[in-house]
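Spelled out from the first residue to the last, the chains are:
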Amino acid sequence: MTRIVCIGECMVEMAPTNTEGSYQIGFAGDTMNTAWYLCQLLGSAHQVDYLSAVGQDAISDRMLAFLEDAGIGIGSIQRLPELTVGLYMIQLQDGERSFSYWRGQSAARLLASDPARLAAALNGAEIAFFSGITLAILPDDDRARLLSALATFRAAGGTVVFDPNLRPRLWESPQTMTASISAAAEVSDTVLPSHEDEATWFGDADPDATLARYLKAGARTVVVKNGPGEILISHDGTVSRVRPVAAATVVDTTAAGDSFNAGFLASRLSGKPIDQAVIDAAALAGRVIQSRGALVPCAG
């Protein structure tokens, strides 16, 4: 059994219902979405844990119960007094989604504040997965502390997987964002970027440039997603390309990348070659975007 630790923030999601002015509460967040899909795909064959922090209030209780019900391990989630969990609200206008966020009292911002807790959470794991959003919500010192812990984990034989998932409004400046993403790539074995984001903030001319930059940073495996376009892959020095099957309809692109990441990791854990893992990942993401919401039940 492989133990996977996903690191980041789970948030309360308030999504509009069909009743005017009414909202439904759910839970979502990029690395948590990936953990959720991993549990869907892997079942009890592997252990998926979540490393984060929440408050000691009722909504934090409800979130932890949701994670447990999904099969996600919560032993590495710290509970902090006088804090709570982040919240975001979805607004719909003419079919387009926009988001408002409240993160000021989010306990997850302190998930990397204790080096001993970090080391304990990673101890015994084979894979650690984190994202650019994980980094963005942390104070500077904690961000450095997390990257140091991941470097130590990697040096001890663990595999570090990183999705840059660029969200510039979470960062104090574009320069801080790009520097932090580059530092994260340096401690990662596998990097799963999206070219469109990378082109905007790193100036990559094409997916090949994105691939080359992350390989230069030290990644062994890089999978460059490009929306519905061709996916570029490099693994152990071999470059290949996969063109995903286009989704019949696109209803909601939420969690497309998160589900892709889970599909890729699950397929690799099952022993499939990397090109097939990318095909499987793209197929899962294609199913997810044909339904509303971040978490779409899928067959394992």
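Draft legend 1. A look at the packing of aromatic side chains. Following the criterion strictly, the structure yields 6 aromatic pairs and no others. Relative to Y37, the ring of W36 lies with its centre 5.0 Å away and its plane at 85°, an arrangement referred to as edge-to-face. Pair check on accessibility: W36 and Y37 agree, each one buried. In this structure, R213 is placed above the aromatic ring of F202, and the distance from its NZ or CZ to the ring centre is 3.8 Å. Sitting over the ring of Y214, R213 keeps its end group 4.5 Å from the ring centre.

Draft legend 2. Structural detail: the packing of helix 3 (residues 115–122) against helix 5 (residues 140–155). At a minimum axis separation of 10 Å, helix 3 and helix 5 run at an interaxial angle of 35°. As helix 3 runs across helix 5, the sense of the crossing is right-handed. Here P115, L118 and L122 of helix 3 lie close against helix 5, whose contacting residues are R145, L146, A149, L150 and F153. For the contact of helix 3 with helix 5, the per-class residue count stands at 7 nonpolar, no polar and 1 charged.

Draft legend 3. Spotlight on the environment of P228. Assignment of secondary structure puts P228 in the loop between strand 11 (221–224) and strand 12 (231–235). What P228 contacts, discounting residues up to four positions off in sequence, is R243 and P244.

Draft legend 4. Focus on the pairing of strand 4 (residues 47–54). Of all 8 residues making up strand 4, 7 are buried, and the element is well covered by its neighbours. Here 5 bridges tie strand 1 (residues 3–7) to strand 4, and the two strands are oriented parallel to one another. Residue pairing in the sheet places C6 in a bridge with Y50 of strand 4.

Draft legend 5. Local environment of the pattern of salt bridges. Applying the stated criterion to the full structure yields 13 salt bridges. Put simply, D140 and R143 hold a salt bridge, and the shortest N to O gap is 3.2 Å. Within this pair, D140 and its partner R143 are both found in helix 5, separated by 3 residues, close to a single helical turn. Overall, R143 belongs to the buried group, its relative accessible area being 9%. Within this structure, E198, D204 and R213 form a network of salt bridges that share partners.

Calculation rules
Residues numbered from 1 in each chain as written. Predicted model: local features only at pLDDT ≥ 70, side-chain atom pairs only at ≥ 80, totals over all residues. Heavy atoms only, no water. Phe/Tyr/Trp six-rings, centres within 6.5 Å; stacked < 30°, edge-to-face > 60°. Buried < 20%, exposed > 50% of the residue type's maximum accessible area, 1.4 Å probe, protein only. Lys NZ or Arg CZ within 6 Å of the ring centre and 35° of its normal. Axes fitted to C-alpha atoms, helices over the stretch in contact; angles between N-to-C directions. Helix = DSSP H or I, 4+ residues; strand = E, 2+ residues; numbered from the N terminus. Left-handed = near helix turned anticlockwise from the far one by under 90°. Contact = heavy atoms within 4.5 Å. Nonpolar A, V, L, I, M, F, W, Y, C, P; charged D, E, K, R; others polar. Pairing = 2+ DSSP bridges. Salt bridge = Lys/Arg side-chain N within 4 Å of Asp/Glu carboxyl O.

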